[in-house]
Amino acid sequence: MTSDFKQLALRLYKYRNLLLVFVWREFIVRYKQAVLGVAWALFQPLSMMMLFVVVFGLALQIETGGAPYPLFFLSGLIPWAFFSNSLNYSIPSLTNHYSLITKIYFPREIIPISGIFVFFFDFLISFLIYILMFFLYGYHVDFYFFYLVPLFVIMFVYTLTLALVLSSLNVYYRDVKMASGFIVQVLFFISPVFYTLKTVKNDYAYMIYLNPLSYVIESIRDLTLYGSPPNLSLLMLYSVVVSGGLLLAWRLFVKMEGAFADVI
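Residue positions are given per chain, counted from 1 along the sequence in the order it is written. Totals for whole chains, interfaces and linings use all residues, but because this is a predicted model, local features are given only for residues with pLDDT of at least 70 and pairs of side-chain atoms are given and counted only at 80 or more. With hydrogens and water excluded, all non-hydrogen atoms of the structure serve as input to the side-chain values.

## Some words on the overall build of the protein chain
Helix and strand definitions follow DSSP, with helices as H or I runs of at least four residues and strands as E runs of at least two, each counted in order from the N terminus. A tally of helices and strands in the protein chain yields 13 helices and zero strands. Listing every helix and strand of the protein chain by position from the N terminus yields α-α-α-α-α-α-α-α-α-α-α-α-α. C-alpha atoms define the radius of gyration in this analysis, and the globule rule sets the expected value at 2.2 Å times the number of residues to the power 0.38. Taken over the C-alpha trace, the protein chain has a radius of gyration of 19 Å; the compact-globule value for 264 residues is 18 Å, and the two agree within 12%. Taking the principal axes of its C-alpha atoms as reference, the protein chain extends roughly 55 × 45 × 35 Å. Scored against the burial criterion, the 264 residues of the protein chain give a buried share of 50%. Only protein chains enter the accessibility calculation, which uses a 1.4 Å probe. A residue is then buried if its area is under 20% of the maximum for its type, exposed if over 50%, and partly exposed in between.

So this is what it looks like as structure tokens:
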């Protein structure tokens, strides 16, 4: 496993300048001629938060364990926005860049990775706003906040894993893009974005935990809103699972990319 990670790192390091160019290009394309600029990174989670407060908070009165509705929903919507936007970009990203893929060689994974980095930048901006609201509601930072770093890494690696698999499959089977909306919707409902797993029956909670993003969202809430550390056993388990998943996804991607230029 270590050697595979080393190969992946060396492969990307060799083309690091090209990766930076792609990241910058995606950033410019995303915000070019946008009056509000990077402020648009806040629009989706904040607007959805207000909608969730009205529908799930005031109307349906979802149980939040005493946490304020805006913080409760925002803590789920911010990681979800990163995850869903990254997948929606990544799945058709290779076919959208067919002119480059058919003309020159470079590690094709740079294309989906560059978009994910841009959305991760949006995620960090949104999370800073969440922390600001966190202070405004009278909460304070404690030692457990250091666990946010491995949680963010798990979220990023899990997103990258699915992006590599689905984007490569989409080159061969365009049905993947057609089904991507349904896939994202299913993942939304099995992620505790507008509910907490503490209110889910044990049998169903275990099923939801099969999605690593569920663990990430629930742990972010536990850390920030309830002052409790994440389950360390699950933290280690998910770290191993998403790391192994990334290696398998990368191997699949490298195996399939040799025919990308012909199939695309």
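## Quick look at unusual backbone geometry
One non-glycine residue, Gln61, adopts positive backbone phi at about 55°. Position of Gln61 relative to the elements: it lies in the loop between helix H3 (40–59) and helix H4 (69–90). Given the relative accessible area of 59%, Gln61 is considered exposed.

## Considering the confidence of the model for the protein chain
For residues with low pLDDT, the predicted coordinates do not support detailed interpretation. Summing up the model confidence of the protein chain, the mean pLDDT is 86 and the portion of residues at 70 or higher is 92%. Between the elements of the protein chain, mean pLDDT differs from a low of 70, seen in helix H13 (residues 260–263), to a high of 94, seen in helix H8 (residues 148–172). Across the chain, each position has a pLDDT score giving the predictor's confidence in that residue, from 0 to 100.

## Here we look at the layout of surface pockets
The volume enclosed by the largest pocket comes to roughly 190 Å³. Surrounding the largest pocket, Tyr158, Thr161, Leu162, Tyr206, Tyr209, Leu210, Pro212, Tyr238, Val241, Val242 and Gly245 form its lining. Among the elements of the structure, H8 and helix H12 (232–257) are those that each provide at least two residues to the lining of the largest pocket. With four residues, the single largest contributor to the lining of the largest pocket is H12. Residue composition of the lining of the largest pocket, by class: nine nonpolar, two polar and no charged. Cavity and pocket criteria rest on a 1 Å grid covering protein atoms alone: a 1.4 Å probe that fits but cannot get out defines a cavity, protein on both sides within 12 Å along at least 5 of 7 lines defines an open pocket, and an atom within 4 Å of a point defines a lining residue. Grid points are joined across faces, edges and corners, and a volume is the space filled by probe spheres set on the points. Throughout, the ten residues Ala, Val, Leu, Ile, Met, Phe, Trp, Tyr, Cys and Pro are labelled nonpolar, Asp, Glu, Lys and Arg are labelled charged, and all others, Gly among them, are labelled polar.

## Some remarks on the environment of Val23
By the element assignment, Val23 lies in helix H2 (residues 16–31). In this structure the C-alpha to C-alpha distance between Val23 and Asn231, which are 208 residues apart in sequence, comes to 34 Å. Those residues in contact with Val23 that lie beyond four places of it in its chain are Ser114, Phe117 and Val118. Contacts were defined at the residue level, with two residues in contact if any of their heavy atoms lie within 4.5 Å.

## A word on the packing of aromatic side chains
Between 30 and 60 degrees the pair is tilted, below 30 it is stacked and above 60 it is edge-to-face, where a pair is any two Phe, Tyr or Trp rings, Trp via its six-membered ring, whose centres lie within 6.5 Å. What the rule picks out here adds up to 35 aromatic pairs. Each ring, one from Phe194 and one from Tyr195, has its centre 5.2 Å from the other, and the planes form 80°; the classification is edge-to-face. The burial state of Phe194 is the same as that of Tyr195; both residues are buried. By the ring-pair criterion, three or more aromatic residues cluster together here, those being Phe52, Phe56, Tyr69, Phe72, Phe73, Trp80, Phe83, Tyr158, Phe188, Phe189, Phe194 and Tyr195. The aromatic ring of Tyr13 is capped on one face by Arg16, whose charged end is 4.0 Å from the ring centroid. Any Lys NZ or Arg CZ found within 6 Å of a ring centre and within 35 degrees of that ring's normal is scored as a charge over the ring. The ring of Phe72 carries the charged tip of Arg221 above its face, separated from the ring centre by 3.9 Å.

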